[in-house]
Amino acid sequence: MTAFCVMKLLCQATRNENRYAKRFFGTLLTQTPQKRVFSPFWMVVPYPRKSTVFGLTQPFCTAEKSHTEPKRKAAFGSVGRRIPYRILHVINQDGESLGNMHRAEALKLMDQHDLKLVLLRENAEPPVYRLMTGQQIHEEKLKRAEKKKASPKPGMVQKELSFSSAIAKNDLETKTKQIAQWIEKKYHVKVTIRQAKDSNTDMFMLFDQILETVSEKATYLSKPKVTREGVSTCILRHMSDKELKAHQKMEKQKNGTVKKDENEDLKSNELHQ
């Protein structure tokens, strides 16, 4: 009698489970497809010649497995108090190494001197952080932006020219013609000038003189700067269409002003005569 009651209960449970499963999966089929994750649940599986079998189904997901995205490089700047590493190598605001220390000690130094903690090298062991002022962070960001701007983009051709500040006039004209040809092809041109011994030539004026010869189509990508003692560089690039239109408009206005002044001078001369 007991066995009969148990079998009856199991059959009733099987019917209920089948009814609920049909209702559940029927609802899923009528809904719009979207990402769903179902938890494990027990399902009663009837078998005609054997006793009812209980099985634990595995969870499944209707969406494809997501791939791990590559970690993006963090922007340069203050990390605040969010430091995931326990031990750090710390450099002070003067660039001197303070050695390895616990992050709590680094945060204490930051608060004591009213500085900011900046991550320099994350892949080092331990990671390298530097204590910096707000002004130092701002200047470093400008340097990095200038360096990124000066570096050639993928697919961009960059040509280089190097000569002495004591270059002869004819040689300078030849170099300038070569620069104009490269600019015409929309190449970037890096110009390096070395200060010659016993030469009083202003290298920055020489850069401006070179730009003046190609000013109708070229401008500075990276303005002249001293890279090391006695050596200065700049990078020239072709103007964009917008810059060319603005330059042409400015030149027309400039020429119009010059002609107006010349006409006024002629009229004043005629009156005096």
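Residues numbered from 1 in each chain as written. Predicted model: local features only at pLDDT ≥ 70, side-chain atom pairs only at ≥ 80, totals over all residues. Heavy atoms only, no water.

### Focus on the overall build of the protein chain
Heads up, the condition is: Counting from the N terminus, the helices are the DSSP runs of H or I reaching at least four residues and the strands are the DSSP runs of E reaching at least two. The buried label applies to any residue whose accessible area, calculated with a 1.4 Å probe on protein chains only, is under 20% of its type's maximum; exposed applies above 50%, and partly exposed to all values in between. Contact definition: two residues touch when any of their heavy atoms are within 4.5 Å. Note that accessible areas follow from Shrake-Rupley with a 1.4 Å probe, and for residues the cover is restricted to the protein chains shown.
Regarding its fold elements, the protein chain presents six helices and 10 strands. Counting over 273 residues, the protein chain shows a buried share of 25%. Within the protein chain, counting contacts between residues at least 6 apart in sequence, those at least 24 apart form 54% of the total. Total accessible area on the protein chain is roughly 21,300 Å²; 53% of this is exposed by carbon and sulfur atoms.

### Considerations on the pairing of strand β7 (residues 158-164)
Our working definition: One bridge is not enough; two strands pair if DSSP finds at least two bridges between them. Crossover handedness is defined here as right-handed if the route from the first strand over the helix to the second strand goes clockwise, with the strands pointing away from the viewer.
In the sheet, β7 pairs with strand β8 (residues 188-194) via seven bridges, with the strands oriented parallel. Each bridged residue has a counterpart across the sheet, and for L161 the counterpart in β8 is V191. Chirality of the crossover, the property in question, places the unit of β7, helix α4 (residues 169-184) and β8 among those that are right-handed.

### Overview of the packing of aromatic side chains
What counts, and what does not: The criterion for an aromatic pair is that two Phe, Tyr or Trp rings (for Trp, the six-membered ring) have centres within 6.5 Å, with stacked assigned to planes under 30 degrees apart, edge-to-face to planes over 60 apart and tilted to the rest.
In this structure the tally under the stated criterion is one aromatic pair. With a centroid separation of 6.5 Å and an interplanar angle of 70°, the aromatic rings of F204 and F207 are classed as edge-to-face. Here F204 and its partner F207 are both found in helix α5 (residues 203-213), three residues apart, which amounts to about one turn of the helix. The exposure class assigned to F204 is partly exposed, which follows from its relative accessible area of 34%. Taking the relative accessible area as the measure of exposure, F207 reaches 2% and is therefore buried.

### Brief notes about helix α2 (residues 103-112)
As a reminder, the rule being used: The reported arc concerns the directions from the helix axis to the C-beta atoms and nothing else.
When we look at burial in α2, the residues that qualify are A106, L107 and M110. Down the axis of α2, the buried set is contained in an arc of 100°. They therefore lie on one face. Counted as exposed and oriented over 90 degrees from the buried face of α2: K108 and Q112. Taken together, the buried residues of α2 touch β3 (87-91), β4 (97-102), β5 (116-121) and β6 (128-132). One or two positions beyond α2, positive phi appears at D114, with a value near 55°.

### Topic: the confidence of the model for the protein chain
Note the threshold: The predictor attaches a confidence to each residue, and that confidence, scored 0 to 100, is pLDDT.
Averaged over every residue, the pLDDT of the protein chain is 76; the share at 70 or more is 65%. A low-confidence stretch, residues 32-42 stays under pLDDT 50, and its non-local contacts, those more than four residues away or across chains, total 25 contacts. A low-confidence stretch, residues 50-70 stays under pLDDT 50, and its non-local contacts, those more than four residues away or across chains, total 32 contacts.

### Describing the sheet that holds β5
The cut-off we apply is this: A fitted line through C-alpha atoms serves as each axis, taken over the contacting stretch for helices, and the angle formed by two N-to-C directions is quoted from 0 to 180°.
The mixed open sheet is built from four strands, whose spatial order is β4-β3-β6-β5. Since the sheet does not close on itself, it has two edges, and those belong to β4 and β5, each with one partner. Pairwise comparison of adjacent strand axes, ignoring direction, gives a mean angle of 35° for this sheet. Bridging between β3 and β4 involves five bridges; their strand directions are antiparallel. By the bridge assignment for β4, H89 is matched with N100. Running at roughly 125° to β4, α2 makes contact with β3, β4, β5 and β6 of the sheet.

### Considerations on unusual backbone geometry
The linkage connecting E125 with the following residue, P126, adopts the cis geometry, with an omega of 0°. Positionally, P126 belongs in the loop between β5 and β6. Here the phi dihedral of D114 falls at roughly 55°; this positive angle occurs in a residue that is not glycine. With respect to the element layout, D114 can be found in the loop between α2 and β5. The class of D114 is exposed, set by a relative accessible area of 69%. In this structure, K186 takes a positive phi of about 65° despite not being glycine.

### Some remarks on the side chain of T233
Mapped onto the secondary structure, T233 falls in strand β10 (residues 231-238). In this view, T233 contacts K190, V191, T192, F207, K223, P224, K225 and T227; residues no more than four positions away in its chain are not counted.

### A word on the pattern of salt bridges
The cut-off we apply is this: Salt bridges, as used here, are contacts in which a Lys or Arg side-chain nitrogen is within 4 Å of a carboxyl oxygen on Asp or Glu.
Tallied over the entire structure, the rule returns four salt bridges. Ionic pairing is found between K217 and E184, a salt bridge with its closest N-O pair at 2.6 Å. You can see K217 sitting in the loop between α5 and β9 (218-228) and its partner E184 sitting in helix α4, a full 33 residues away along the chain. Note on K217: relative accessible area 34%, which makes it partly exposed.

### Considerations on the sheet that holds β10
Reading across the sheet, the four strands line up as β7-β8-β10-β9 and stay open at both edges, with mixed pairing between neighbours. Two strands bound the open sheet, and with one partner strand each, they are β7 and β9. Sheet twist, expressed as the mean angle between neighbouring strand axes with direction ignored, is 15°. Packing against the sheet, α5 makes contact with β7, β8, β9 and β10, and its axis sits at approximately 160° to β9.

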